[in-house]
Structures are given as structure tokens and as C-alpha cells.
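So you can see what is in the structure, the chains are spelled out below.
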Amino acid sequence: SYYGTHAFRAAGRRGEGAGGEDSVWDVPGLEAYHGEDVFLTEALTREARKALRAAASTGKPFFMNFAPYAVHTPIMANERYLDGYGDLDEREAAYATLVESVDAALGELVAELEALGQLEDTIIVYTSDNGGLSATGRGGEPHVHNAPLRSGKGSAYEGGTRVPWVIAWPGYTDDPTVCDDPVVTYDLFPSLLKWGRATLPAEHATTLDGVDLTPCLLGVPLPSRSLFWHQPHAWGPTGPGIWPFTSLRNGDLKLIYRHAKRDFELYDLRSDVSENRDLAAERPETVARLAEEMSVWIEEVDAQMSIDKETSEPVELPRASLRSL
């Protein structure tokens with residue numbers, strides 16, 4: 001539960017006492033807020049502000065990873081913001097308040113950094129781990145909440161993988177710059193290491209995923225490369241693109257390998273961001289080239305393939321499934 005009056009417990013959301021089989025969903029460590037009329041995001045923000053004050057008092061550089069439960073199910077309204085969404089149905093209004101709660105939290109953390117005299121020395125990265133929920137739990141028609149992007153969370157399509165990404169770094173991003181090069185979440189690690197002037201242990205220096213994003217902040221194009229996604233499991237809900245897959249983005253081209261059917265979809269995201277026109281049948285040579293690159297990547301990182309329930313064997317690598325074209 002998002003409510004302090006529920007002690008942030010799943011059972012509390014149902015009007016039951018503590019405990020039960022789903023107590024694993026209870027939020028730990030916030031006992032000081034139990035019984036208080038406070039939203040989970042707000043309680044976490046108070047704790048984050050305390051942590052910022054403690055870190056600043058040491059006079060040393062610090063890192064904070066602020067990952068609030070919002071925006072996530074269970075979709076529960078922060079009633080402080082509900083009046084602003086009277087034109088939406090009940091479920092979508094509640095969802096909107098979750099979004100606004102995160103916005104308000106970020107604003108409070110920025111204000112705290114400024115009050116501590118730390119804002120001009122702080123890099124802030126704002127992003128998400130996946131696209132917006134759309135398959136279940138939302139108001140209205142499913143799978144369209146991220147339009148013009150197709151589908152949503154858990155999907156191989158852009159609605160599942162394309163997310164917001166904003167970096168604020170005083171002295172570097174004072175004049176807003178837009179980087180059109182595709183980047184991926186695992187680029188954050190090498191970038192933060194570089195920006196924090198940290199070094200890697202020698203045994204990890206050659207196996208680091210991602211690239212340093214400093215050129216993006218300076219308006220310099222990144223080197224050409226392919227990005228990969230790999231989901232060898234069934235997420236839960238069903239819908240467009242929500243099945244076990246491996247996908248690759250190379251420039252504007254995106255190849256999706258569907259594990260269960262051993263088939264491919266190919267899209268040109270520059271002209272078709274909604275992924276409405278599958279080009280696989282029209283461009284078999286492109287599919288073959290990208291399928292080989294995808295196969296090499298799977299082998300290099302030793303990615304686990306889905307298991308075929310009929311044979312109990314791993315699904316074939318993409319190069320072995322080109323017969324489906």
C-alpha cells in the first residue's frame with residue numbers, strides 16, 4: 001500500500017491485520033510513518049532529504065539512488081493531487097497522481113540540494129527502467145497508453161523500452177542540448193564512473209557494458225553501435241510484443257527475435273516509430289545481417305535463451321531461425 005495509514009502493507013490495503021502470505025510486498029523500514037496520513041512517495045522523500053543532509057555534512061562527495069515505488073502498481077491515488085484530474089476516469093486519475101508525486105519528490109530533492117549549497121556541484125540523472133504500464137491495471141483501452149509508441153511495459157516494442165532520460169549537470173547542461181543518439185540504461189555505470197573520477201578494478205576494465213555519455217552532453221555524436229535487449233521469460237500479462245524475445249537496435253533499424261515462434265520483425269524507427277510496418281519479408285538480407293550480430297552478442301555475453309517446453313532445450317540462436325523468412 002502507498003498509504004501510511006495502512007502501514008504501507010498489502011494487508012492494510014485490504015483492511016486486514018499485519019502478516020499473511022503477501023507480506024513480502026510490505027514496505028520495510030518506514031515504521032516511523034505507520035498510522036500517519038502520508039503517501040509512500042512523500043515518506044521516501046523525507047528520508048532521502050535526511051540522507052542528503054547527512055551526506056552533505058561530511059564534506060565528501062556522495063551518490064544517491066532515489067528509486068521510489070511510484071509509478072507502479074498497486075495504482076492508488078495520492079489524494080492531495082486528485083482535484084487536478086477530474087476529467088479522467090478514476091483509475092487514470094489515480095495513475096496521474098502517482099506521476100505527480102514523483103515530480104514533486106524530485107522538486108523537493110532539488111530544493112534540498114540548493115538549500116545545502118550542493119546543487120551546483122551535483123549531477124542529476126532522471127530516467128526509468130521500462131516504458132509505461134499499458135497491458136493491465138490502467139483505465140481505458142489497453143496497450144495504447146504510450147502512443148504513438150506501441151504497447152508498454154514488458155513489451156519488445158518501443159512502448160516497453162523507450163523511456164525518459166534527462167541529465168542536469170551545472171556547467172555542462174546550462175544550455176539545453178538534445179542528444180539524438182540511442183543510449184541505454186547500462187551506459188549510466190561507465191558514465192558515472194567517469195564523471196566521479198572513479199576507476200575500475202583491472203579485472204573488470206575489459207568487461208564493462210555501456211559507453212561514457214560525456215560526448216552527448218557536449219553535442220558530439222556517439223560512436224556507432226548496436227543496443228540489445230533480452231527477455232527470455234514470460235512477464236505475466238499478454239499483449240503486443242509481450243513474449244520472450246531478444247531485440248537489437250542498430251541506427252534506425254530494430255530487429256526483434258520472438259523466441260516461441262522463431263521468427264523476426266524488422267522496423268525502421270525513423271519513419272515508423274509506432275512499429276506498424278514490419279519490413280522483415282521485404283529486407284531478408286538486413287534481417288540476416290542483424291540476426292548474425294544478435295547471435296554473436298548472445299554468445300559473447302552468454303545470455304540464457306528461453307527453454308522450449310516441448311523439447312526442454314534452449315531456443316535456437318537467431319542465425320539458426322532465418323528459415324522463417
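The structure this text deals with has already been given above.
To keep things clear, this report deals only with the structure shown in the data block. Note that the coordinates shown come from a computational prediction; the quantities given were computed from them, not determined experimentally. (Residues numbered from 1 in each chain as written. Predicted model: local features only at pLDDT ≥ 70, side-chain atom pairs only at ≥ 80, totals over all residues. Heavy atoms only, no water.)

## Focus on the overall build of the chain
So, step 1. When you go through the chain residue by residue, the secondary structure sums to 7 helices and 6 strands.
So, step 2. In sequence order, the secondary structure elements of the chain are arranged as α-α-α-β-α-β-α-α-β-β-β-β-α.
So, step 3. In terms of principal-axis extent, the alpha carbons of the chain reach across some 60 × 50 × 40 Å.
So, step 4. Residues classed as buried in the chain amount to 38% of the 325 residues present.
So, step 5. Accessible area for the chain stands at about 18200 Å²; split by element, carbon and sulfur atoms hold 51% of it. (Helix = DSSP H or I, 4+ residues; strand = E, 2+ residues; numbered from the N terminus. Buried < 20%, exposed > 50% of the residue type's maximum accessible area, 1.4 Å probe, protein only. Areas by Shrake-Rupley, 256 points an atom, 1.4 Å probe, with all protein chains shown as cover.)

## What to know about the side chain of E158
So, step 1. Inspection of the secondary structure puts E158 in helix α4 (residues 158–161).
So, step 2. Judged by its relative accessible area of 4%, E158 falls in the buried class.
So, step 3. Polar side-chain contacts of E158 include one of 2.8 Å to the side chain of K254.
So, step 4. Residue contacts for E158: discarding those within four places in its chain leaves L149, R150, R249, K254, L269, V273 and E275. (Polar contact = N/O pair within 3.5 Å; in protein donor to acceptor, adjacent residues only side chain to side chain. Contact = heavy atoms within 4.5 Å.)

## Brief notes about the sheet that holds strand β4 (residues 245–250)
So, step 1. The strand order β3-β4-β5-β6 describes an open sheet built from 4 strands, whose pairing is antiparallel. In the strand order of this sheet, the two ends are held by β3 (226–231) and β6 (263–268), each with one partner. Neighbour-to-neighbour, the strand axes of this sheet turn through a mean angle of 15°, independent of strand direction.
So, step 2. On the sheet, helix α7 (residues 284–301) packs against β3, β4, β5 (253–258) and β6 and is oriented at approximately 115° with respect to β4. (Pairing = 2+ DSSP bridges. Axes fitted to C-alpha atoms, helices over the stretch in contact; angles between N-to-C directions.)

## Structural notes on helix α5 (residues 188–195)
So, step 1. Along α5, the residues that are buried comprise L188, P190, S191, L193 and W195.
So, step 2. Against the buried residues of α5 lie β1 (124–127), β2 (165–168) and α6 (214–217).
So, step 3. Just downstream of α5, R197 is the residue with a positive phi angle, here 55°.

## A word on a negative patch on the surface
So, step 1. Taken together, the side chains of E114, E120, D121, D174 and D175 define an acidic patch exposed on the protein surface.
So, step 2. Relative to the helices and strands, D174 resides in the loop between β2 and α5. (Patch = residues over 30% accessible without salt bridge, like charges linked within 9 Å, V, L, I, M, F, W, Y side chains within 5 Å. Salt bridge = Lys/Arg side-chain N within 4 Å of Asp/Glu carboxyl O. Lys, Arg positive; Asp, Glu negative; His and termini not counted. Charge placed at Lys NZ, Arg CZ, Asp CG, Glu CD.)

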